[in-house]
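The lines below spell out each chain.
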Amino acid sequence: MKMDTAKLVVFGHFISVLIFSFGLELVVSSRDVALHKDATQSSTLSSYFAGRAVDGIPGRDGGGGHCSHTRTGHNQAWWKVDLGDVYRIQTINITYRRDCCSHTNFGPNCSNTCHCMSGGCDPDTGVCHIPGCQHGWTGDSCSTHECPSGYFGPDCSTECHCKTGGCYIVNGSCNTRGCQDGWRGNTCNQECVNSTFGQDCNQTCHCANSGCDRISGTCTIPGCTEGWTGGTCSQECLACRFGKDCLHECHCKLEGCDKVDGTCNVTGCVDGWRGKSCDHTCDFTHYGPNCLHECHCNISGCSNTDGICQTPGCEDGWTGPSCSAAQEQISSKSECPHIAEVSTSVEATCTTCYALFGTLFAISIICNIGLIIHCVRMRFQNSRTQTPPKELQTYRNHEEDYDGIDSSTIDKTRNIYDTIVQ
């Protein structure tokens, strides 16, 4: 039978030890009082007598003949020594055999196991010959199978950062899947790198300078790269914004713009904007899609979307709500039908006025001529009936003058009148 412990019993001046195989020293004032004293034991195996335990030779190997040994197969084994007197014992030194333990066992009856990384351990104390414990073991003798919470591996020296439940002390695998913020890997002992952060490092920051905090993602130096925004620079720009921190706005007509440089995904700006990113407004004299139209307002320019003058009134030679139509270009073929109608109406009205004036002028001339002719005839008629004899010759002379008027002249006058009336 192998005993796990040694039991020392004192009876008067006797010392009894229940042990399997050992050597013994009883020290009183630095003197071994058990040396070469009478010793007995419950049984003896071969030549391993009880007296060998107090022969003064501290041999550890059973084969060297300096250890006592009881027989196997007994339920209990004991050994005792007669000191021959009564002593106040200061120290009891028991030396166990070394040769019965393997390189990984130590202690009484080699009952304890050390888990040294290499080289084995002392058979008495279990201290590793080469420092260092196997994974999941700790202590001087590497016999404690328990690491502090959050640690694993050789000497429990490696820390795991599992989110909940800790990790297996041998290989560090998380008992519950998932790492704390800022850590990654099967054992959650690798820090986030390459601008990643958060749980399992599954988020990416897009900071313009120096990266970000691996736990919170906050940029070390504020400022995002083109196309990103937010405190952690992990939010993409909206469809209508671009550039660093998404500070710039594009005004593309369709489908937004590139988040980095703002180039429109489909070419074309909304009214009032221009440029490849449609981020430049029209100047005060242009308007419409891509600012292609020009207004000629007299004061203050025009709206960049529809061209309407901010203050009514056009420059000389221009007309319309946006002062973009040249006056000489207005005709019946104008793109604005109401303008053509007005022009045609004005022209027709002017023509009528000219015709009416000419007719009235011609009628006035004819009436005057007719009145003259009528007056002349009436005078001749009155002169024939009322004029005294003295003056008759004078009127007759006038009558002769009147009768001498060329009839062709009168005919020509009538023809001119007829032509004018027609």
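Remember, predicted model here, so these are calculated numbers, not experimental data.

Colleague: Can you tell me about the packing of aromatic side chains, naming the residues and giving the values?
Modeller: Enumeration according to the criterion identifies 0 aromatic pairs in this entry. R52 extends its terminal NZ or CZ atom over the ring of Y48, reaching a point 5.9 Å from the ring centre. Here the basic side chain of R214 rests over the ring of W183, its NZ or CZ set 4.6 Å away from the ring centre.

Colleague: Describe the environment of H286, naming the residues involved and giving the relevant values.
Modeller: Assignment of secondary structure puts H286 in strand β26 (residues 286-287). Judged by relative accessible area, H286 falls into the partly exposed class, the value being 22%. Note: C-alpha distance between H286 and C302 (16 residues apart in sequence) is 7.5 Å. In this view, H286 contacts C291, H293, E294, C295, C302, S303 and N304; residues no more than four positions away in its chain are not counted. Among the polar contacts listed, one links the side chain of H286 to the side chain of D283, at a separation of 2.8 Å. Among the polar contacts made by the side chain of H286, one reaches the side chain of T285 at a distance of 3.0 Å.

Colleague: Could you give an account of a negative patch on the surface, naming the residues involved and the relevant values?
Modeller: Residues D283, E294, E315 and D316 make up a contiguous surface patch of negative charge. Relative to the helices and strands, D316 is located in the loop between β29 (309-314) and β30 (318-319).

Colleague: Quick rundown of the state of the cysteines? Include the residues and the values.
Modeller: Enumeration according to the criterion identifies 18 disulfides in this entry. Note that C314 is cross-linked by a disulfide to C323, the S-S spacing being 1.9 Å. As the torsion about the S-S bond is roughly -80°, the C314-C323 disulfide counts as left-handed. No disulfide involves C240; its sulfur sits 6.1 Å from that of C250, the nearest cysteine.

Colleague: Describe the side chain of H296, naming the residues involved and giving the relevant values.
Modeller: Examined against the element boundaries, H296 turns out to sit in the loop between β27 (293-294) and β28 (297-302). Residue classification places H296 among the buried positions, given a relative accessible area of 12%. Apart from the residues lying within four places of it in its own chain, the contact partners of H296 are C314, E315, W318, S322, C323 and S324.

Colleague: Lay out the confidence of the model for the protein chain with the relevant residues and their values.
Modeller: Taken residue by residue, the protein chain gives an average pLDDT of 76. The fraction at 70 or more is 74%. The spread of mean pLDDT over the elements of the protein chain runs between strand β1 (residues 7-11), the lowest at 39, and strand β5 (residues 38-41), the highest at 93. The low-confidence segment residues 1-14 (pLDDT under 50) makes 44 contacts with residues lying over four places distant or belonging to another chain. Across residues 389-403, where pLDDT falls below 50, the model places 11 contacts with residues more than four positions away in sequence or in other chains.

Colleague: I'd like a description of the pairing of strand β16 (residues 207-212), backed by residues and values.
Modeller: Pairing geometry for β16 and strand β17 (residues 219-224), over 3 bridges, is antiparallel. Counterpart to C212 in the pairing with β17 is C219. From the end of β16 to the start of β17, which pair antiparallel, there are 6 residues, and G217 there has a positive phi angle of about 85°.

Colleague: I'd like a rundown of unusual backbone geometry, residues and numbers included.
Modeller: Positive phi is not limited to glycine here, since N194 has a value of about 55°. The residue N194 is located in the loop between β13 (190-191) and β14 (196-197) in this model. Not every positive phi belongs to a glycine, and N290 is a case in point at roughly 55°. If you trace the backbone, N290 turns up in the loop between β26 and β27.

Parameters at a glance
Residues numbered from 1 in each chain as written. Predicted model: local features only at pLDDT ≥ 70, side-chain atom pairs only at ≥ 80, totals over all residues. Heavy atoms only, no water. Phe/Tyr/Trp six-rings, centres within 6.5 Å; stacked < 30°, edge-to-face > 60°. Lys NZ or Arg CZ within 6 Å of the ring centre and 35° of its normal. Helix = DSSP H or I, 4+ residues; strand = E, 2+ residues; numbered from the N terminus. Buried < 20%, exposed > 50% of the residue type's maximum accessible area, 1.4 Å probe, protein only. Contact = heavy atoms within 4.5 Å. Polar contact = N/O pair within 3.5 Å; in protein donor to acceptor, adjacent residues only side chain to side chain. Patch = residues over 30% accessible without salt bridge, like charges linked within 9 Å, V, L, I, M, F, W, Y side chains within 5 Å. Areas by Shrake-Rupley, 256 points an atom, 1.4 Å probe, with all protein chains shown as cover. Salt bridge = Lys/Arg side-chain N within 4 Å of Asp/Glu carboxyl O. Lys, Arg positive; Asp, Glu negative; His and termini not counted. Charge placed at Lys NZ, Arg CZ, Asp CG, Glu CD. Disulfide = S-S within 2.5 Å. pLDDT = per-residue confidence, 0-100. Pairing = 2+ DSSP bridges.

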